[in-house]
Amino acid sequence: MRKIAVLGSTGSIGTQTLEVVRENDDIQVTALAAGSNAELLEQQAREFRPRLVSLQDEEKAKTLAVRLADTGIRVLSGMDGLVAAATEETAQIVVTAVVGMIGIRPTVAAIEAGKDIALANKETLVTAGHLIMPLAKERGVRILPVDSEHSAIFQCLNGEGQNRIDKILLTASGGPFRGRTREELKNVRLEDALKHPNWSMGHKITIDSSTMVNKGLEVMEARWLFGVEIGDVQVVVQPQSIIHSMVQFEDGAVMAQLGTPDMKLPIQYALLYPERRFMPGKRLDFGTLRSIAFEAPDFVNFPGLAMAYEAGKAGGTMPTVFNAANEWAVAAFLKRKIGYLQITDIIGEAMAHHRKKEDPDLDEILQTETETYSYIEDRW
Ligand code: NDP
Ligand code: MG
């Protein structure tokens with residue numbers, strides 16, 4: 001029996017993780033945590049019978065505790081509850097599927113408690129990878145990627161032992177606005193940005209995919225997960241999202257992982273690693289597919305990707321500024337408070353203003369997040 005805790009269980013990755021659990025009767029859920037969706041969390045609690053559940057929202061957690069009183073499930077709230085879910089005694093794997101830097105503390109706590117991490121929450125690795133990866137090594141826990149590209153890279157590395165990675169070829173769909181100029185992007189509406197051509201995901205990552213900021217975050221995520229330099233991660237646009245990423249080795253050989261776009265595959269692979277097991281769903285049909293297309297990424301009209309490389313190369317607190325500014329700007333765009341192009345304008349301004357600290361600890365990272373928010377709030 002594999003026992004898992006799911007942080008962010010009511011979201012896109014969280015609900016798909018629970019679908020995988022439903023299909024595999026040797027995976028058991030021991031803790032669930034969410035933000036404010038008490039109704040869905042209650043349903044999940046009744047179906048999966050974890051030992052504890054937690055909601056960020058304290059009031060809703062109180063009501064939920066009353067509603068779940070017949071079940072004996074502990075109900076907690078806030079950051080303490082999220083950390084308790086991440087460290088639930090019997091869990092072996094913690095799926096980090098909360099969105100944003102809120103994931104840092106529970107991820108660190110889970111690693112310290114010796115849990116393997118099935119990592120979806122890329123913002124955590126982007127901002128604190130220099131702390132998380134050594135900590136995981138020290139505690140002997142595995143960081144199993146859930147992000148489809150990183151799962152692909154992880155799969156391409158199977159059996160490669162100590163063979164050095166020459167280059168990671170990180171594929172990108174290019175999002176709904178691939179091929180457009182900045183001029184054409186000026187009047188993008190929220191509804192347009194929320195339409196991803198190939199994947200159905202949470203709102204924040206869907207916007208990030210449209211700006212290519214998601215790919216920038218993934219470049220930094222890859223760097224930490226696979227121990228390569230930022231410059232050794234190359235973005236390749238593959239509009240059909242069939243090649244999920246590739247690895248080039250020193251002899252010039254390139255390994256790729258292909259499949260239909262379905263997040264349940266990387267989720268199941270992370271939960272059952274190294275085992276592969278039957279999964280229902282569509283298979284690739286090369287007869288109808290005929291060709292797989294590639295393009296170079298457009299750094300000019302999608303400056304978010306260039307800024308991510310810049311932040312990743314600078315290191316220290318700069319990736320936190322990049323990420324925090326993006327989190328602020330995307331939240332504002334989702335509330336229709338700013339225009340589409342202002343998302344990357346805000347990231348650029350916050351980075352230009354920031355004086356970088358090297359090798360920040362957890363408190364300094366969280367302080368940089370707060371400072372970035374207040375800098376932006378004063379100006380926008
Ligand atoms: P969603 O917005 O769909 O879900 C986010 C989840 O986090 C929800 O369960 C939400 O709860 C919960 N949450 C939000 N704030 C808090 C909080 N303060 N405390 C506890 N729980 C909280 O996001 P996604 O599933 O799309 O993405 C999750 C992460 O996975 C992101 O980091 C994303 O980049 C990454 N990822 C996602 C992919 C996808 O296909 N969706 C692909 C690859 C990576 P509530 O519902 O109650 O608000
Ligand atoms: Mg991805």
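Just above, that's the structure.
Residues numbered from 1 in each chain as written. Chains lettered and ligands numbered in written order. Predicted model: local features only at pLDDT ≥ 70, side-chain atom pairs only at ≥ 80, totals over all residues. Heavy atoms only, no water.

### Notes on the side chain of E123
Here is the rule we go by: Here a helix means four or more residues in a row that DSSP labels H or I, a strand means two or more in a row labelled E, and each is numbered from the N terminus. What qualifies as a polar contact is a pair of N or O atoms within 3.5 Å, subject to a donor-acceptor requirement within protein and to the restriction that residues adjacent in sequence count only when both atoms come from side chains. Should any heavy atoms of two residues lie within 4.5 Å, those residues are considered in contact.
Among the structural elements, E123 can be located in helix α6 (residues 122–139). Of the polar contacts made by the side chain of E123, one reaches the side chain of N121; its length is 3.0 Å. There is a polar contact of 2.9 Å between the side chain of E123 and the side chain of K204. Non-local contacts of E123, meaning those with residues more than four positions away in its chain, are made with V99, G100, M101, K204, N323 and E327.

### Section: the site of ligand 1
Short version of the rule: We call a residue near a molecule or strand as soon as one heavy atom of that residue lies within 4 Å of the molecule or strand. Accessible surface area values rest on a Shrake-Rupley calculation with a 1.4 Å probe, where residue burial reflects the displayed protein chains alone. Each residue is assigned to one of three groups, with Ala, Val, Leu, Ile, Met, Phe, Trp, Tyr, Cys and Pro labelled nonpolar, Asp, Glu, Lys and Arg labelled charged, and all others, Gly among them, labelled polar.
Close contacts around ligand 1 come from 25 residues, with T10, G35, S36, N37 and E123 the closest. Here G8 contributes a backbone N or O atom positioned 3.2 Å from an oxygen atom of ligand 1. G35 is positioned with one of its backbone polar atoms (N or O) 2.8 Å from an oxygen atom of ligand 1. In isolation ligand 1 offers 900 Å² of accessible surface; the protein chains occlude 86% of this area. If you list the elements that add at least two residues to the shell around ligand 1, you get α1 (12–23) and α6. Its residues placed into classes, the shell around ligand 1 shows eleven nonpolar, eleven polar and three charged.

### Some remarks on the sheet that holds strand β1 (residues 2–7)
Under the convention used in this document: Note: two strands are recorded as paired if DSSP finds a minimum of 2 bridges between them. Axes here refer to lines fitted to C-alpha atoms; in helices the fit is confined to the stretch in contact. Angles between the N-to-C directions go from 0 to 180 degrees.
Strand order across the open sheet formed by seven strands is β4-β3-β2-β1-β5-β6-β7, with parallel pairing between neighbours. Both edges of this open sheet fall to β4 (74–77) and β7 (143–145), since each of them pairs with a single strand only. Averaged over all pairs of adjacent strands, the angle between strand axes in this sheet comes to 25°, irrespective of strand direction. Sheet topology places β1 next to strand β5 (residues 93–96); four bridges connect them, and they run parallel. Among the inter-strand pairings, I4 is bridged to a residue of β5, identified as I93.

### Considerations on the environment of Y373
Positionally, Y373 belongs in helix α17 (residues 362–379). The spacing of Y373 and V235 is 138 residues in sequence and 29 Å in space, taken between C-alpha atoms.

### Side note on the pattern of salt bridges
Short version of the rule: Salt bridge, as used here, is a side-chain nitrogen of Lys or Arg placed within 4 Å of a carboxyl oxygen of Asp or Glu.
The final tally for this structure, using the stated rule, is 28 salt bridges. Here R142 makes a salt bridge to D116, at a shortest N to O gap of 3.9 Å. Of this pair, R142 sits in the loop between α6 and β7 while D116 sits in strand β6 (residues 116–119), and the two are 26 residues apart along the sequence. Across the pair E250 and R164 runs a salt bridge, and its minimum N-O distance is 3.0 Å. Of this pair, E250 sits in the loop between β10 (243–249) and β11 (254–258) while R164 sits in the loop between α7 (148–156) and β8 (165–172); the two residues are 86 residues apart in sequence, bridging distant segments of the chain.

### Concerning the sheet that holds β8
Sheet architecture is open: four strands sit in the order β9-β8-β10-β11, paired in mixed fashion. At either margin of the open sheet sits one strand with a lone partner, and together these are β9 (233–237) and β11. Neighbour-to-neighbour, the strand axes of this sheet turn through a mean angle of 20°, independent of strand direction. Across five bridges, β10 lies against β11 in antiparallel orientation. When the bridges of β11 are listed, V247 appears paired with M255.

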